[in-house]
Amino acid sequence: MAQANKQEAGDVFAGFRTAFKSFATDAIHIGQEPEQWTSMAVVPPISLSTTFKQQSPGNHAGFEYSRSGNPTRNCLEKAVAALDGAKHCLAFASGLAATVAITHMLKKGDGIVCMDDVYGGTNRYFQRVAAGFGLETTFADCTKLELLKAALKPNTKLVWLETPTNPTMKVVDIKACSELVHEHSKDIVVVVDNTFMSAYFQRPLALGADICMYSATKYMNGHSDVVMGLVSVNREDLNERLRFLQNAIGGVPSPFDCYLCNRGLKTLHLRMEQHFKNGMAAAKFLEADPRVERVIFPGLPSHPQYEVMKKQCTGCPGMITFYIKGKLEHATTFLSNLKMFAVAESLGGYESLAEHPAIMTHASVPEKERAVLGISDTLIRLSVGLEDAADIIEDLDQALNAAHPKKN
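Residues numbered from 1 in each chain as written. Predicted model: local features only at pLDDT ≥ 70, side-chain atom pairs only at ≥ 80, totals over all residues. Heavy atoms only, no water.

(A) Structural context of the sheet that holds strand β6 (residues 211-215). Across the sheet, 7 strands lie side by side as β1-β7-β6-β5-β4-β2-β3; this open sheet has mixed pairing. Both edges of this open sheet fall to β1 (88-92) and β3 (136-140), since each of them pairs with a single strand only. Ignoring which end each strand starts from, the neighbouring axes of this sheet average 20° apart. Summarising the sheet, β6 and strand β7 (residues 229-233) pair through 5 bridges and their orientation is antiparallel. Within β7, the position partnered with serine 215 by the bridge is glycine 229. Those strands touched by helix α4 (residues 95-103) are β1, β2 (111-115), β4 (156-162), β5 (189-193), β6 and β7, and its axis lies near 150° from that of β6. Along the sheet, helix α7 (residues 174-184) makes contact with β4 and β5, crossing β5 at roughly 160°. (Pairing = 2+ DSSP bridges. Helix = DSSP H or I, 4+ residues; strand = E, 2+ residues; numbered from the N terminus. Axes fitted to C-alpha atoms, helices over the stretch in contact; angles between N-to-C directions. Contact = heavy atoms within 4.5 Å.)

(B) Highlighting the packing of helix α3 (residues 71-83) against helix α10 (residues 255-265). Interaxial distance between α3 and α10 falls to 8 Å at its minimum, and their mutual angle equals 35°. Classified by chirality, the crossing of α10 by α3 is left-handed. Contacts between α3 and α10 involve Thr72, Arg73, Cys75, Leu76, Ala79, Val80 and Leu83 from the first element and Pro255, Cys258, Tyr259, Cys261, Asn262 and Leu265 from the second. (Left-handed = near helix turned anticlockwise from the far one by under 90°.)

(C) Inspection of α7 at higher detail. When α7 is considered as a whole, its buried residues turn out to be Ile174, Ala176, Cys177, Ser178, Leu180, Val181 and His182. Of the surrounding secondary structure, the elements contacted by the buried residues of α7 are α6 (145-151), β4, β5 and α12 (306-312). With a side-chain oxygen positioned 3.3 Å from the backbone nitrogen of lysine 175, the residue opening α7 is aspartate 173. (Buried < 20%, exposed > 50% of the residue type's maximum accessible area, 1.4 Å probe, protein only. Polar contact = N/O pair within 3.5 Å; in protein donor to acceptor, adjacent residues only side chain to side chain.)

(D) Expanded view of helix α11 (residues 268-287). The end-to-end C-alpha distance of α11 is 28 Å, a good match for the 28 Å that 20 residues give at a rise of 1.5 Å each. The element α11 is extensively covered by neighbouring structure, given that 14 of its 20 residues are classed as buried. (Expected span 1.5 Å × (residues − 1).)

Right, dumping it as structure tokens:
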């Protein structure tokens, strides 16, 4: 039925993996059972209490203190675990709070291999914070298995993948990378930052990864009104360790934010399909425009890892990176003249956003590294929202006209 609905929506999904069974049903019902509340509330209530009464010392009803566990957070974690095809999920105060907790599983002298093109905050944390605790990070282009293999060292304990990458949209073969790493050593934990894809389009755990993490601030919540991180696992040892760190470090989200994110999940399947359709329309328009140097969109056959994308994903998000022809002034003129798109950081909300990675989201990445990665002055990143496709294209067109005025 889900695949039939996709076919009705158009041919953008042709060639991609079949949609995950009962995804929408699970998003709406798992963890939301009215029977868990004496009121039989259909919508899980927001439990703001920081502490919970015990029948006698140590005899409680499953909750003691809200940092250690909260009923509203439980509802969210159960739902996300189901959507990721996981046994367990843990919610954190932000995507970086989740990154910190995962990294705290390591000890001084341990090594991390990280995808070379990643979210700027991840790069900054590994290079400027984790390094201070004695963790050694090596960056490698994991789209090339030989480079990943060469980067693995005797002290490597964590491999951090991101796919598609932020901002140059490289696509990593999760299954191939996970098999290579685990063959090298079963003790290495493979993490996939699944932020750009959401649980609807990609399940890293089913492809061999040990941990799937998100900045839920983006597509998972989808409304640009929550800052949150999520971590899903199947392994009991990882769940036990991360559950301890979630409580011990204390980077947990508020019950109200958990309520909002839980609500956002209910329309995730609808939003992601529309993001894909709008993203494809915008990408095709840009790719055909002579004012654009190059478009990088994993849903287009021109993408270098297009076949990998179709092999491991059920669709493609609304993230587009493109190089405008000209110089920095052309990129800034384009961005400054957008009317419907907001020039802003972040992504994955219902509204369309545009940004300049070299100046904004990836300014913390050293300039030499940005140059190697292709994060140039003419690189622009779009998060295509849920507006009407014709209006999205009209806004892009008029901004391109401003950057490249037509000669009489």
